[in-house]
Each structure stands twice: as C-alpha cells, then as structure tokens.
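Reading the structure
One-letter residues, chain by chain:
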Number of protein chains: 2
Amino acid sequence: MNKIDLNAECCDCNEVHEDLLKIVNETMPEENELYDLAELFKVFGDSTRIRILFVLFEAEVCVCDLAEVLNMTQSAISHQLQILKQNKLVKSRREGKSIFYSLADDHVRTIIAQGQEHIEE
Amino acid sequence: MNKIDLNAECCDCNEVHEDLLKIVNETMPEENELYDLAELFKVFGDSTRIRILFVLFEAEVCVCDLAEVLNMTQSAISHQLQILKQNKLVKSRREGKSIFYSLADDHVRTIIAQGQEHIEE
DNA sequence: TAAACATATGAACAATCATTCATATGAATG
DNA sequence: CATTCATATGAATGATTGTTCATATGTTTA
C-alpha cells in the first residue's frame with residue numbers, strides 16, 4: 001500500500017505526497033467516525049441548543065421551564081431536546097406530567113468550555 | 001435558597017422558577033458570545049472540514065495536496081479553507097505559487113479529541 | 001372517563017449551506 | 001510579457017435545517 005506516485009498530477013511540492021498519503025491513511029479516522037464527529041459538532045452548532053445546554057449546566061429542568069426561561073415555544077424546545085437526546089448530550093426523566101432533562105455526561109461541559117476558550121482570545 | 005415562585009405561569013414545578021431565572025441570568029453568556037460559540041461549532045460540523053483538520057494535524061499542506069489527499073476539487077477545498085480561516089482554526093502562508101495551510105492553535109485538537117471521546121462510548 | 005395539562009411529533013416553509021462551474025487573481029517561468 | 005500554475009471567489013443549485021402550526025400521546029385530576 002501507499003506506493004510512490006512519481007507522476008504527481010498536482011502542484012510542485014512533490015516530496016510530501018508519499019509521506020502525506022501514508023500519514024493521513026494511518027491517522028485519519030474511519031468514514032463513519034468522521035461522519036459521527038461532524039454530526040456531534042453540528043448539534044453544538046445552534047445557539048438555541050447551546051442555550052439549552054447552558055441552562056442544564058445549572059439544573060435539571062422540565063420542558064416548559066426551558067421554554068419559559070429561553071422565551072421560546074414548547075414545540076421548538078422539544079424538537080431541539082430530541083436532537084440533543086439522540087446525540088446523547090442530555091437525558092430525560094418523567095415525573096408525573098412533566099419530563100425533566102439533564103446533562104448526559106461531562107464531555108458536554110468540556111467541549112463547550114474549549115469552544116469558549118477559543119473564541120475568547 | 002430555592003425560593004418559591006407563587007406566580008408561576010407555567011407548569012406545576014413552581015418551586016424552581018425564580019431560582020432558575022436568577023441562575024440562568026447569571027451564568028448564561030451574552031447573546032453574541034452564544035452566537036460566536038454556535039458559529040465555531042458549526043465549523044466543526046462538516047466532515048469535509050473535519051477531514052481537512054485531521055490532515056493539518058499531521059503536516060502543513062498546500063491546497064492542491066489537500067484536494068488530492070481528500071479526493072475533492074480544489075474549489076471545494078478552497079471554499080472550506082476560507083471558512084476555517086475566518087474562524088481562526090487554520091492559518092496560511094504563501095510560498096511561491098502555493099499557499100500552505102496549518103493549524104492556528106491547539107484548541108482545535110482539544111475540541112476534536114473531546115468530540116471523539118464522546119462518540120466512543 | 002372526560003377534561004386539562006405537559007410533552008412529542010409530522011408536515012410545511014424559509015433560511016442556511018456545501019458543492020460545482022466559470023472565472024478572477026497573483027506568482028513564476030520561458 | 002504572455003502563458004502556465006496555484007489558489008480564490010461569485011453565482012447557482014440541491015440538500016439540510018430550525019421554527020411554526022396543527023395534532024397526537026401520555027399523565028393527572030375532577
């Protein structure tokens with residue numbers, strides 16, 4: 001595998017081609033992992049979902065409280081909660097008529113904290 | 001703490017309203033910071049850009065090599081590089097006709113590593 | 001068990017986005 | 001200085017997505 005391409009059809013920086021292909025083939029995650037990674041970050045790429053997460057950083061909250069605090073419709077919040085739940089960023093628990101949502105794990109905090117560090121520079 | 005909100009206009013979980021509002025108002029970032037955060041994660045939310053970043057984890061690479069290694073058109077790669085650059089995830093350097101791209105800082109690695117940890121569980 | 005309440009969900013619509021195509025810019029080369 | 005090479009970019013297009021609206025599901029209560 002990874003044979004030398006002497007007829008590099010690209011730019012003149014020929015020296016790197018072989019090594020680059022080799023290294024990339026070794027370190028690049030599988031196609032479906034790349035897809036999952038992008039999917040995960042897509043979930044963080046919406047300010048409504050980010051705001052939901054910031055609320056859940058502080059407390060376990062039911063849907064209607066989330067909607068009230070964030071000043072959005074119950075339906076919009078519920079739709080976004082489903083997306084957060086599908087991606088295992090939040091979990092839910094029923095208590096009577098209400099359903100309470102909370103953070104699923106602490107990666108969420110870490111990822112968002114890293115994002116904040118990045119934009120604050 | 002956790003005072004009761006007697007005028008809760010929402011669901012029956014009245015006790016939390018006041019405190020929740022207070023805490024959220026204290027800890028929720030400003031509107032534009034939330035927007036910037038979401039924008040940043042949106043950049044990670046595309047597998048082409050993720051793949052570009054994985055290549056740049058290993059080496060400083062010119063545009064045509066990126067296009068070749070990732071098997072995509074020069075134009076598509078260039079468009080995505082502009083987005084990565086605007087969000088300060090990569091930087092560029094001209095050398096003759098070529099332009100070499102590299103990671104702008106190490107938050108990129110940390111954020112993606114956290115994402116990988118999350119999906120591998 | 002009917003009504004009220006809390007949440008979920010499907011369809012529709014507008015907005016956003018990634019890629020393609022054509023072309024422009026900018027540097028090296030002969 | 002015209003051509004070639006490497007990259008950037010604007011417009012167009014098809015695909016994806018967040019919100020709304022209407023309605024369904026599931027739980028409590030009278």
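Relevant structure appears above.
This write-up is about the structure you can find in this document. (Residues numbered from 1 in each chain as written. Chains lettered and ligands numbered in written order. Predicted model: local features only at pLDDT ≥ 70, side-chain atom pairs only at ≥ 80, totals over all residues. Heavy atoms only, no water.)

1. Some details on the pattern of salt bridges
Residues and elements named next belong to chain A.
- Counting across every chain of the model gives eight salt bridges over all chains.
- Its salt-bridge partner being Glu39, residue Lys42 comes within 3.0 Å of it at the nearest N-O pair. Remark: Glu39 and Lys42 occur in helix α2 (residues 31–44); sequence separation between them is three residues, near one turn of the helix.
- Relative accessible area serves as the criterion here: at 25%, Glu39 is assigned to the partly exposed category.
- Of the charged contacts, one joins Glu60 and Arg93 as a salt bridge, the two residues approaching to 2.8 Å between their closest N and O atoms. Of this pair, Glu60 sits in the loop between α3 (47–58) and β1 (61–62) while Arg93 sits in strand β2 (residues 90–95), placing them 33 residues apart in sequence.
- Relative accessible area serves as the criterion here: at 34%, Glu60 is assigned to the partly exposed category.
- Classification of Arg93 as partly exposed rests on a relative accessible area of 34%.
- Salt bridges sharing partners connect three or more residues here, namely Glu60, Arg93 and Glu95. (Salt bridge = Lys/Arg side-chain N within 4 Å of Asp/Glu carboxyl O. Helix = DSSP H or I, 4+ residues; strand = E, 2+ residues; numbered from the N terminus. Buried < 20%, exposed > 50% of the residue type's maximum accessible area, 1.4 Å probe, protein only.)

2. Points about the relation of the copies chain A and chain B
- Mapping chain A onto chain B is achieved by rotating through 180° and translating by 0.0 Å along the same axis, at an RMSD of 0.0 Å. Such a combination of turn and shift is consistent with a two-fold rotation axis.
- Of the residues that chain A buries at the interface, 98% are likewise interface residues in chain B, meaning the two copies contact each other through the same surface. (Least-squares fit on C-alpha atoms with pLDDT ≥ 70 in both. Contact = heavy atoms within 4.5 Å.)

3. Considering the side chain of Thr48 of chain A
All names here are of chain A.
- Turning to its location among the elements, Thr48 is positioned in helix α3.
- Judged by its relative accessible area of 14%, Thr48 falls in the buried class.
- Setting aside residues up to four positions removed in sequence, Thr48 forms contacts with Met72 and Gln80.

4. Topic: the protein's contact with DNA strand D
- Not every one of the 29 residues close to DNA strand D is listed here, only the nearest: Cys11, Arg49 and Ser75 of chain A together with Ser75 and Tyr101 of chain B.
- The sugar-phosphate backbone supplies 65% of the atoms of DNA strand D found within 4 Å of the protein.
- Here His79 of chain B contributes a side-chain N or O atom positioned 2.8 Å from a base oxygen of DNA strand D.
- Side-chain polar atom of Tyr101 of chain B to a phosphate oxygen of DNA strand D: 2.5 Å apart, as the coordinates give it.
- Elements represented by at least two residues in the surface near DNA strand D include exactly α3 and α5 (74–86) of chain A together with α4 (63–70), α5 (74–86) and β3 (98–103) of chain B.
- Residue classes in the surface near DNA strand D are distributed as ten nonpolar, twelve polar and seven charged. (Near = heavy atom within 4 Å. Polar contact = N/O pair within 3.5 Å; in protein donor to acceptor, adjacent residues only side chain to side chain. Nonpolar A, V, L, I, M, F, W, Y, C, P; charged D, E, K, R; others polar.)

The values are spatial; any link to function lies outside them.
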